[in-house]
Amino acid sequence: MAVAVTGALLALGPVLHIGGALYPNIIMPDGLAEALFPSLKMSGLPVRFAWMTTLGVSVAAGIGATFIANRNRHGRLVVVVLATIGLAEHWPKPLIVTTMSRPAILAELGNTPGDWAVLDTTSWSRQLWNQMNHKHPIIGGYLSRVPSSRWHAVSDDPVLAAFVPRPVGIQADRLSEPSKALARLRELQIRFIIMDVSRVGLISSLDLVRRYQDEEMAVFEVPS
């Protein structure tokens, strides 16, 4: 169990992280390990230390089961029942998946030539799916390893931060200076914006052309 607790603490990352909030002044064991061995920062995923928790709990459960089974015949029966429940719970089964829609507008964007980008503020998985269909560069996006400088390139830009959801952006309700926002979009060569329908109010003050909208997302074109 000491191994399990150690793994859980290391998996929390370099600083305390509770409910989506970071407390940088509270250094966790992973932060101390990174200070001693800087190369650990390259791993990028301290959550992988959770394998220690799984291992520790599994060994402890085995010790406990052995203790119960060795007591008497009823103890062995209890262990068999518990093991059967565990097998039933973890028996391989088909994954529950959903199908993302593929509107024709995405294929239309894919057939639209030019050196331009897409600002997609839908969920990260949806952004990747959309890009597989329209095949143009996107602002932001998702990678398993993202340098902090690249995060800040988006989060420190007042226009992009207003569009991009948290934790990278601020997910604003409206744009304070529409004309500057439109100029910034053109400067970044953003020709199309894809966003959740629930957030289209953000661009109501911009002179954009609505190219598509369904119950999930909307596509707007930035006039040249």
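Described in the following lines is the structure provided in the data block. Just so it is clear, the model here is predicted, and its values are computed rather than measured.

Digging into the pattern of salt bridges
Thought 1: For the structure on display, the rule yields seven salt bridges.
Thought 2: A salt bridge links Arg-184 to Asp-157; the shortest N-O distance between them is 2.6 Å. Placement of the pair is Arg-184 in helix 9 (residues 178–187) and Asp-157 in the loop between helix 7 (148–155) and helix 8 (158–163), with a sequence separation of 27 residues.
Thought 3: The class of Asp-157 is buried, set by a relative accessible area of 8%.
Thought 4: The residue Glu-177 makes a salt bridge to Lys-180 at a minimum N-O spacing of 3.2 Å.
Thought 5: The class of Glu-177 is partly exposed, set by a relative accessible area of 41%.

With respect to the nonpolar core
Within soluble globular proteins, side chains that are nonpolar tend to cluster in buried spots.
Thought 1: Membership of the largest hydrophobic core comes to 25 residues, with the highest contact counts inside it found for Leu-119, Phe-163, Leu-185, Ile-193, Ile-203, Leu-206 and Leu-208.
Thought 2: Those elements giving two or more residues to this core turn out to be strand 3 (117–120), helix 8, helix 9, strand 4 (190–196) and strand 6 (217–221).
Thought 3: Among the elements that take part in this core, helix 8 stands out by supplying four residues, more than any other.
Thought 4: Apart from residues no more than four positions distant in its own chain, Leu-119 is found in contact with Ile-139, Leu-160, Phe-163, Leu-185, Ile-190, Phe-192, Ile-193 and Ile-194.
Thought 5: Formed by ten residues, the second largest nonpolar core is a distinct cluster that contains Ile-105, Leu-106, Trp-116 and Phe-192.

Concerning the packing of helix 1 (residues 2–11) against helix 3 (residues 50–69)
How two helices sit against one another is set out by the angle between their axes and by the gap between those axes.
Thought 1: Put simply, helix 1 and helix 3 touch, their axes get as near as 7 Å, and they point 160 degrees apart. With respect to helix 3, the axis of helix 1 lies roughly antiparallel. Pair helix 1 / helix 3 crosses with left-handed handedness. Contacts from Val-3, Ala-4, Thr-6, Gly-7, Ala-8, Leu-10 and Ala-11 in helix 1 reach Ala-50, Met-52, Thr-53, Gly-56 and Val-57 in helix 3.
Thought 2: Along the lines of polarity and charge, the residues of the contact of helix 1 with helix 3 split into eight nonpolar, four polar and no charged.

Considering the packing of helix 3 against helix 4 (residues 73–90)
Thought 1: Close contact between helix 3 and helix 4 brings their axes to 7 Å; oriented N to C, the two are set at 145 degrees. When helix 3 is examined against helix 4, the residues Ala-65, Ile-68 and Ala-69 are found in contact with a partner set consisting of Gly-75, Arg-76, Val-78 and Val-79.
Thought 2: Considered class by class, the residues forming the contact of helix 3 with helix 4 number five nonpolar, one polar and one charged.

A word on the pairing of strand 2 (residues 21–27)
Thought 1: Direction of pairing for strand 1 (residues 15–18) relative to strand 2: antiparallel, over a ladder of four bridges. Bridge pairing links Leu-16 to Tyr-23 in strand 2.
Thought 2: From the end of strand 1 to the start of strand 2, which pair antiparallel, there are two residues, and Gly-19 there has a positive phi angle of about 55 degrees.

Comments concerning the side chain of Thr-122
Thought 1: Within the fold, Thr-122 resides in the loop between strand 3 and helix 6 (124–134).
Thought 2: The buried category is assigned to Thr-122, whose relative accessible area is 4%.
Thought 3: Among the polar contacts listed, one links the side chain of Thr-122 to the side chain of Asp-120, at a separation of 2.6 Å.

What about the sheet that holds strand 5 (residues 209–213)?
Within a sheet, adjacent strands bond to each other through the backbone by hydrogen bonds, running parallel or antiparallel.
Thought 1: Here four strands make up an open sheet; going across it, the order is 3-4-6-5 and the pairing mixed. Both edges of this open sheet fall to strand 3 and strand 5, since each of them pairs with a single strand only. Going from strand to strand, the sheet's axes swing by 20 degrees on average, the running direction of each strand aside.
Thought 2: Two strands pair when backbone bridges link them, and strand 4 and strand 6 are joined in this way by five bridges, in the antiparallel orientation. Paired with Ile-193 across the two strands is Phe-220, which belongs to strand 6.
Thought 3: Of the strands in this sheet, strand 3, strand 4 and strand 6 touch helix 6, which is tilted by about 155 degrees from strand 3.

Cut-offs used in this document
Residues numbered from 1 in each chain as written. Predicted model: local features only at pLDDT ≥ 70, side-chain atom pairs only at ≥ 80, totals over all residues. Heavy atoms only, no water. Salt bridge = Lys/Arg side-chain N within 4 Å of Asp/Glu carboxyl O. Helix = DSSP H or I, 4+ residues; strand = E, 2+ residues; numbered from the N terminus. Buried < 20%, exposed > 50% of the residue type's maximum accessible area, 1.4 Å probe, protein only. Core = buried A, V, L, I, M, F, W, Y, C linked by side-chain atoms within 4.5 Å. Contact = heavy atoms within 4.5 Å. Axes fitted to C-alpha atoms, helices over the stretch in contact; angles between N-to-C directions. Parallel < 35°, antiparallel > 145°, perpendicular 65-115°, else oblique. Left-handed = near helix turned anticlockwise from the far one by under 90°. Nonpolar A, V, L, I, M, F, W, Y, C, P; charged D, E, K, R; others polar. Pairing = 2+ DSSP bridges. Polar contact = N/O pair within 3.5 Å; in protein donor to acceptor, adjacent residues only side chain to side chain.

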